[in-house]
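Architecture at a glance
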Amino acid sequence: RFTTGVAATTTQDNTIAGWDVRSVMLAISGVDCFVVSVFLLLVVYLRRRQNAYIQENDDAVISLPDYTVEVWGIPRDATREEMTSHFQRFGVVADCVVTQDRGKVMGTRMKRSKLLDKLISLKIDAAYYEAKERATMLRYQMRRIAKQKAAIIKCDKIIDTKMSKGFASVCAFVTFERDKDGVDVAKAYRHGSYLMDCCQKQELKFRGKYILKLRRAPESSDMLWENVIRVNPVVRITRKLISLACIFVLLMGAIAIVVYAKDSLDNAPPVVTCTSTVVHPVDNPTPILECAAIWPMQKENANGNVTSEARSSVQMFVANVKHDKCKDFITRGEWAKPMRQFAPYDGAKLANLPGPGKPWTGGWTPETQADECAALTCMKCYCTSVISFDNIQDLMSAYANGDRSQDFCKEIYDQIFLEAGVQLGTILVTVVTNMILISSAGFFSLFERHTTISATEANAALYTFIALFVNQALVPIIIYSLIEILAGFPFFFQGAYSDFEAGWYNKVMVMMLGTAIINAVSFPLARAAPAMMSSLTRALTGCCAHSQRALNKMYKPQKFKLAERYGQVMCALFYTIIFFFAAPPLFPFAAVLFSLMYLVDKTLLLRHSRKPPSYDHKLNTMFLAYAPYACWIHLAIATWAFGHHTIPSYIVDPGDAVKATNVGFLDTATPSPSSPNANTSENTTESGGAYTGTPDQFDVMSRLVRANALLPFALFLVLTVSLFATKILWIIFGPIVRAVMGVCCARKDKAEDMAPFSTLALPGNARFDDPATNPNDKLSGLRSYRLEDNPEYMMLFPEVLDGLKSYKMRKTFKA
């Protein structure tokens, strides 16, 4: 048979279209490795493209970071003059900005800004009510304005109190006249610092005792100035731990939902492959359980014939079944208890069963529930077999109307609907949980207070990816998988599937495929929803706006949340790459998802979003850095799955490493205590016997001797060396190399032939907007690292406006 991704058969000698099934499976394994190799080559290619693009963009665009270094480790009382004097030895300093710890008043200032914005709206509404002569509404509005002014005055007092205590210096941004000087100072500090910047040459220290740490400055528009503060490292670590703990709690909630869904179906009868209960001249000539020989329900039309003896007999057995006992007789989706020795099954005849009102005597095996569970299995197989496209409407009508002649299968259909409903509900809840996790990841990334938007977005993307991947891919595996050595461990790895078997594919992979299908629609739709709602709001309420300010708010563009998109893409990419060996449909689903995301994001970015900040390449670098690990995990799991003993494979001569019985393929039953061959190691199909030769759950060698597993395992070893061995060696010997050689592992900066900083056309002056100005003489982005040059912050800090020449602007702000 073919499962969703792995071909399995009951004999190694079968063929598929004339091809040896072992060759077919070896080819499938080879194709799997080929696809992974192509993806890895694509990642390498994209890395080179990214590096080339960064270099081209750096050459084509002149921005403030090309001339500026960011300096950390300065003392609390450092001044602009001191910093300028310290770095003047490396070249002419065009500008120096010492950033102070203004973040401690940022929350109050932001609150004050919102209050002022609300006050303006209230005044506009008051003017509208006055013009319309609505005296009652005007009086009410004036009371609201008075309360708003009181709240603003209170914020002003808090700000004045905090500002009276002064601000400490945090870091400095030193801008050189020549870009070469910035490169030279970076080299000087790189070569003059040792042991991970713990030691530094004396002449490089600030005031002769403060060790400075230099790095290339980020874009000024990328800075989150409210987070540029002096923070104790313990506080930063605490914030990180709080974020991780909260995300962990949310994931525990998602796990609880899946556990609840699993527990609600635990009493359901285990699934049995119905083909294993039917005689087939080639695949199954002597089934362990032959339903038609015990209860000929098909022959007697049990579903529509209330007088059927087989129907009455089965109902009597099923009425006394204990569902939790049935799993003892079912292994890997097939009936495991040999039943042929009880032929001709006289115990199933009505004449040999207790009459109405008499107690149940246990059937023909009173000591076990084998016959009761067999009856339930046969009943379920029969009820599912009578459904066809021709009669499904009649069956559903009789089921809904309670027709007694057609109610034989009602219990089975109820169970099927329950299982489908619970599984669909679990998928929908998982999608909703994904949305909650996405929002939480952004919130907790802001909570950690990174100093740049790029770092915040990268952290949010990482949190989003981890949370979505764990919730969507790992939680079902953790809940439904069974690890024997962890028996008794609460919740985790206490499922029904100890390996990649048919039930695992039917349960876990179907759930993952369902979630992938819903994600293909929900992810793009969730992104487009705010823009759609904004357009709808404008269409419905735009005519009622009584001021230009209200209209401006309606047309205010949405923020383009890049971090969420990277997290979603990384999650979809990871579960597709990791599990496509088991579920090839993940590929087209991922293609649909990525195509829709591209079209939706392109439309949103160009038509409905405000201009995003100048991101650096952190997000894309993170994406390309983590992508190979998806292949690494895929190869590890594929080695395990393709090495399953039920999958046809050529056996590589193991010598004495593995017992011959541990590389077999027959595993449709487990030894029972009553089996005369239960303690033997030979495969048998004799009456009362049981198949043996099943390897232990973690018998690695029994899998690696199979050619199907050797291919991905070889590639797995190569990728392991390239991903981990070189990094481990550098971690061990890197500090020694840096200490001895005095060189840094980072890419060396290369000076470019740029115009002096003082000759550049800065944003805002006439020469910058003149088309005749050479693009190489224009400064892209913001003109400095001062707050008054950043439109997002300047109005939050009126005291910094003192440096502005425009008295009118200050007066307008104060008004």
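For the structure itself, look to the data block above.
An account of the accompanying structure is given in this report. (Residues numbered from 1 in each chain as written. Predicted model: local features only at pLDDT ≥ 70, side-chain atom pairs only at ≥ 80, totals over all residues. Heavy atoms only, no water.)

1. Looking at the pattern of salt bridges
Pairing of side chains with opposite charge becomes possible as their charged atoms draw close. Keep this limit in mind: Should a side-chain nitrogen of Lys or Arg be within 4 Å of a carboxyl oxygen of Asp or Glu, the pair is scored as a salt bridge. In this scheme, a residue with accessible area under 20% of its type's maximum is buried, one over 50% is exposed, and one in between is partly exposed, where area comes from a 1.4 Å probe on protein chains only. Here a strand is any run of E in DSSP of at least two residues, a helix any run of H or I of at least four, and the numbering for each starts at the N terminus.
Overall, the coordinates contain 14 salt bridges when judged by the stated rule. Note that Asp20 and Arg22 form a salt bridge whose closest N and O atoms lie 2.9 Å from each other. By relative accessible area, Asp20 is classed as partly exposed at 22%. Arg22 gets classed as partly exposed once you look at its relative accessible area, which sits at 22%. With a closest N to O distance of 2.8 Å, Asp66 and Arg216 form a salt bridge. Note that Asp66 is positioned in the loop between helix 1 (21-60) and strand 3 (68-72) and Arg216 in strand 8 (residues 213-216), a separation of 150 residues in sequence. Residues joined in a network through salt bridges with shared partners are Asp77, Glu82 and Arg207.

2. Structural notes on helix 4 (residues 135-164)
Threshold: Each residue after the first adds 1.5 Å to the expected span of a helix.
Along its 30 residues, helix 4 runs 43 Å from first to last C-alpha, staying within 8% of the 44 Å computed at 1.5 Å per residue. Within the sequence span of helix 4, burial applies to Gln141, Ile145, Gln148, Ile152, Cys155 and Ile159. Following helix 4 by one or two positions, Gly166 has its phi on the positive side, about 85°.

3. Considering unusual backbone geometry
The phi torsion at Arg207 lies on the positive side, around 60°, for a residue other than glycine. Relative to the helices and strands, Arg207 resides in the loop between strand 7 (199-200) and strand 8. A relative accessible area of 36% places Arg207 in the partly exposed class. Even without a glycine there, the phi angle at Asn301 is positive, about 50°. Structurally, the position occupied by Asn301 is in the loop between helix 8 (297-300) and helix 9 (309-318).

4. Observations concerning the packing of helix 13 (residues 453-480) against helix 16 (residues 562-579)
Condition: Note on geometry: axes are lines fitted to C-alpha atoms, helical ones only across the stretch in contact, with angles between N-to-C directions running from 0 to 180 degrees. The hand of a helix crossing depends on one turn: near helix anticlockwise from the far one by less than a right angle means left-handed, and clockwise means right-handed. Only heavy atoms matter for contacts: two residues are in contact if any of them lie within 4.5 Å across the pair. In the scheme used here, Gly and all other residues not listed as nonpolar or charged are polar, with Ala, Val, Leu, Ile, Met, Phe, Trp, Tyr, Cys and Pro taken as nonpolar and Asp, Glu, Lys and Arg as charged.
At their nearest, the axes of helix 13 and helix 16 sit 7 Å apart, and the two run at 35° to each other. As helix 13 runs across helix 16, the sense of the crossing is right-handed. Residues Glu457, Ala460, Ala461, Thr464, Phe465, Leu468, Phe469, Gln472, Ala473 and Ile477 of helix 13 form the contact with helix 16, whose participating residues are Leu562, Ala563, Glu564, Tyr566, Gly567, Gln568, Met570, Cys571, Phe574, Tyr575, Ile578 and Phe579. For the contact of helix 13 with helix 16, a count of residues per class yields 16 nonpolar, four polar and two charged.

5. What about the pairing of strand 4 (residues 93-100)?
Put simply, the rule reads: Strands were regarded as paired on the criterion that DSSP finds at least two bridges between them.
Most of strand 4 is tucked away, with six of its eight residues classed as buried. As paired strands, strand 4 and strand 5 (residues 169-176) are joined by seven bridges and run antiparallel to one another. From the neighbouring strand, Thr99 faces strand 5, where its bridge partner is Cys171.

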